[in-house]
Amino acid sequence: MGALMAVVGMIAFGLFGLLQLVVGFHGLEIQFGPMWAYIGAGLALLRFTPFIVVGAYFGAVDIWGLHPALAVLFAMPGLLLMVPGIIGASIAAVRR
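Before going into details, it helps to say that this report is about the structure given with it.

What counts and what doesn't
- Each chain carries its own residue numbering, running from 1 in the written order of its sequence.
- Per-residue local features of the predicted model are confined to residues with pLDDT of at least 70, and side-chain atom pairs are confined, for both listing and counting, to 80 or more; whole-chain, interface and lining totals are unaffected and use all residues.
- Calculated side-chain values reflect all of the structure's heavy atoms, with hydrogen atoms and water omitted.
- Strands here mean DSSP runs of E at least two residues long; helices mean DSSP runs of H or I at least four residues long; both are numbered from the N terminus.
- The reference for a compact globule is 2.2 Å times residues^0.38; the radius of gyration itself is calculated from the C-alpha atoms.
- Residues enter a patch when their relative accessible area is above 30% and they make no salt bridge; the linking distance is 9 Å between like charges and 5 Å between nonpolar side chains (Val, Leu, Ile, Met, Phe, Trp, Tyr).
- Each accessible area is a Shrake-Rupley estimate made with a 1.4 Å probe; only the visible protein chains count as cover when residues are assessed.
- Think of a salt bridge as a Lys or Arg side-chain nitrogen and an Asp or Glu carboxyl oxygen that are within 4 Å of each other.
- A 1.4 Å probe rolled over the protein chains alone gives each residue an accessible area, and that area as a share of the maximum for its type sets the label: buried under 20%, exposed over 50%, partly exposed in between.
- Between rings of Phe, Tyr and Trp, where Trp is taken as its six-membered ring, a pair exists when centres lie within 6.5 Å; planes separated by under 30 degrees are stacked, by over 60 edge-to-face, and by other angles tilted.
- Angles here are taken between N-to-C directions and fall from 0 to 180 degrees, while the axes themselves are lines fitted to C-alpha atoms, restricted in helices to the stretch in contact.
- Any angle from 65 to 115 degrees is called roughly perpendicular, while one under 35 is roughly parallel, one over 145 is roughly antiparallel, and all others are oblique.
- A clockwise turn of the near helix away from the far one marks a right-handed crossing, whereas an anticlockwise turn of less than a right angle marks a left-handed crossing.
- Every residue pair with non-hydrogen atoms within 4.5 Å of one another is taken to be in contact.
- Basically, the charged four are Asp, Glu, Lys and Arg, the nonpolar ten are Ala, Val, Leu, Ile, Met, Phe, Trp, Tyr, Cys and Pro, and anything else, Gly included, counts as polar.
- The arc in question is the one traced by the directions running from the helix axis out to the C-beta atoms.

1. Focus on the overall build of the protein
In terms of regular secondary structure, the protein is built from 5 helices and 0 strands. In the protein, the succession of helices and strands from N to C terminus is α-α-α-α-α. Taking 2.2 N^0.38 as the reference for a compact globule, 96 residues should give roughly 12 Å; the C-alpha atoms of the protein span a radius of gyration of 16 Å, well beyond that estimate. For the protein, the spread of C-alpha atoms along the principal axes amounts to about 50 × 40 × 30 Å.

Quick look at the structure:
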């Protein structure tokens, strides 16, 4: 059962990444033009993703009409884990 959950999680993670890439491409295309969309997609294939992250934010806001805070979480889901970690580290540093 654990192996099945791992496979399902990996497939879901991959599909989410593909969704971010597609929305990021279209967001860059709408906001900055097709040239920047292709540059961002090409750089994403080289594992340089800031352009696609920006495009995913603009795509989520402009195409899907999401609230900007939800669009940030869609574009950078790692924030859900980083923010509590930063807060916890800050509290631990103050308690010392």
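2. Digging into a nonpolar patch on the surface
On the surface, Phe32, Met35, Trp36, Ile39, Phe48, Phe51 and Val54 cluster together to form a nonpolar patch covering roughly 640 Å² of accessible area. Of all elements in the fold, only helix H2 (34-45) and helix H3 (50-62) reach the threshold of two or more residues within the nonpolar patch. Residue contributions to the nonpolar patch peak at 3 residues, all from H2. Of note, Phe51 is situated in helix H3. In this structure Phe51 comes out as partly exposed when scored by relative accessible area, which is 30%.

3. With respect to the packing of aromatic side chains
Counted by the stated rule, this structure contains 7 aromatic pairs. Among the aromatic residues, ring-to-ring pairing joins Phe16, Trp64 and Phe74 into one connected group.

4. Re the packing of helix H1 (residues 2-32) against H2
Between H1 and H2, the least distance of the axes is 7 Å, while the angle of their chain directions is 150 degrees. As the angle between them shows, H1 and H2 are arranged roughly antiparallel. The interaxial crossing formed by H1 with H2 has right-handed handedness. Residues Leu21, Phe25, Leu28, Glu29 and Phe32 of H1 touch H2, and the partners they reach there are Pro34, Trp36, Ala37, Tyr38, Gly40, Ala41 and Ala44. Here the residues of the contact of H1 with H2 sort into 10 nonpolar, 1 polar and 1 charged.

5. Some words on unusual backbone geometry
Unlike most non-glycine residues, Arg47 shows phi in positive territory, near 70 degrees. Here Arg47 is to be found in the loop between H2 and H3.

6. Brief notes about helix H4 (residues 68-75)
Among all positions of H4, only Ala71, Phe74 and Ala75 are buried. Buried residues of H4, seen end-on, are gathered within an arc of 90 degrees and therefore sit on one face of the element. For H4, the secondary structure elements touched by its buried residues are H1 and H3.

7. As for the environment of Gln31
Of note, Gln31 is situated in helix H1. Gln31 has contacts with Phe58 and Asp62, leaving out every residue within four places of it along the chain.

Limitation: the analysis is restricted to geometry and does not speak to function.
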